[in-house]
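A structural walkthrough
If you want the building blocks of each chain, they are given just below.
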Amino acid sequence: MKRVGLVIALPLLWSLALADYSCPDGTDVACVGKTDTICPASAKCVAAEAVCLDAAACDSARGYICGSVYDEVLSDYEKVVGQYNQLTSENVALREQRLEARNCVINAQTLKAAIQCVRK
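For clarity, every value in this text was computed on a predicted model and none was experimentally measured. (Residues numbered from 1 in each chain as written. Predicted model: local features only at pLDDT ≥ 70, side-chain atom pairs only at ≥ 80, totals over all residues. Heavy atoms only, no water.)

1. Focus on the overall build of the protein chain
Stated precisely, the cut-off is as follows: Helix and strand labels come from DSSP, where a helix needs a run of H or I of at least four residues and a strand needs a run of E of at least two; each type is numbered from the N terminus. Per-residue accessibility, obtained with a 1.4 Å probe over protein chains only, is compared with the maximum for each type, and a residue is labelled buried under 20%, exposed over 50%, and partly exposed between these values. For every accessible area listed, the method is Shrake-Rupley and the probe measures 1.4 Å; residues are considered covered only by the protein chains on display.
In terms of helices and strands, the protein chain carries three helices and zero strands. Along the chain direction, N to C, the helices and strands of the protein chain fall in the order α-α-α. Counting only residues that meet the buried cut, the protein chain has 2% of its 120 residues in that class. Summing over all exposed atoms, the protein chain offers an accessible surface of approximately 11500 Å²; the carbon and sulfur share of this is 59%.

This is how it looks when you write it as structure tokens:
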């Protein structure tokens, strides 16, 4: 007899528990797994392995950048800086050559010597 009462009582308790459950207006019921992540519509969900950057590095109006993309951009930036530094040193070397040639021409005693200064 106790089993019969238990069999009748369990479905009754279950239906009472479900009857108390309700969702706020504008929301739906969802089944969630143990590893699922739930984010409200007003938030941004990111993966667990996401890299957090300094707040100044992100502009919420423009969006956020993934760590791998940030690394790519940084690598490209470093390449451009390297190219700039190389071009700057080449420019300095060319300016020095021009200055040497100019001084050689100014200090040349003959036209032939001046021409040799330029043809070096």
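Back to the text.
2. Observations regarding the state of the cysteines
Put simply, the test is: Whenever a pair of cysteine sulfur atoms sits within 2.5 Å, that pair is classed as a disulfide.
Summed over the entire model, instances satisfying the criterion amount to one disulfide. The side chain of cysteine 104 participates in a disulfide bridge whose partner is cysteine 117; the two sulfur atoms lie 1.7 Å from each other. Given an S-S torsion of about -55°, the disulfide between cysteine 104 and cysteine 117 has left-handed geometry. Linking cysteine 104 in helix α2 (residues 67-107) with cysteine 117 in helix α3 (residues 111-119), this pair joins segments that are 13 residues apart in sequence. Residue class for cysteine 117 comes out buried when judged on its relative accessible area of 7%.

3. Here we look at a nonpolar patch on the surface
Formally: Think of a patch as exposed residues, more than 30% relative accessible area, with no salt bridge, where like charges cluster within 9 Å and nonpolar side chains (Val, Leu, Ile, Met, Phe, Trp, Tyr) cluster within 5 Å. Note on definitions: salt bridges are taken to be side-chain nitrogens of Lys or Arg within 4 Å of carboxyl oxygens of Asp or Glu.
Judged by side-chain polarity, Tyr70, Leu74, Tyr77 and Val81 come together as a nonpolar surface patch covering roughly 370 Å² of accessible area. Looking at the secondary structure, you find leucine 74 in helix α2.

4. Concerning the confidence of the model for the protein chain
Quick note on the threshold: One confidence number per residue, pLDDT, is output by the predictor and ranges from 0 to 100.
Confidence in the prediction of the protein chain, expressed as mean pLDDT, is 75, and 62% of residues score 70 or more. Per-element averaging of pLDDT across the protein chain places helix α1 (residues 2-20) at the bottom with 51 and α2 at the top with 92.

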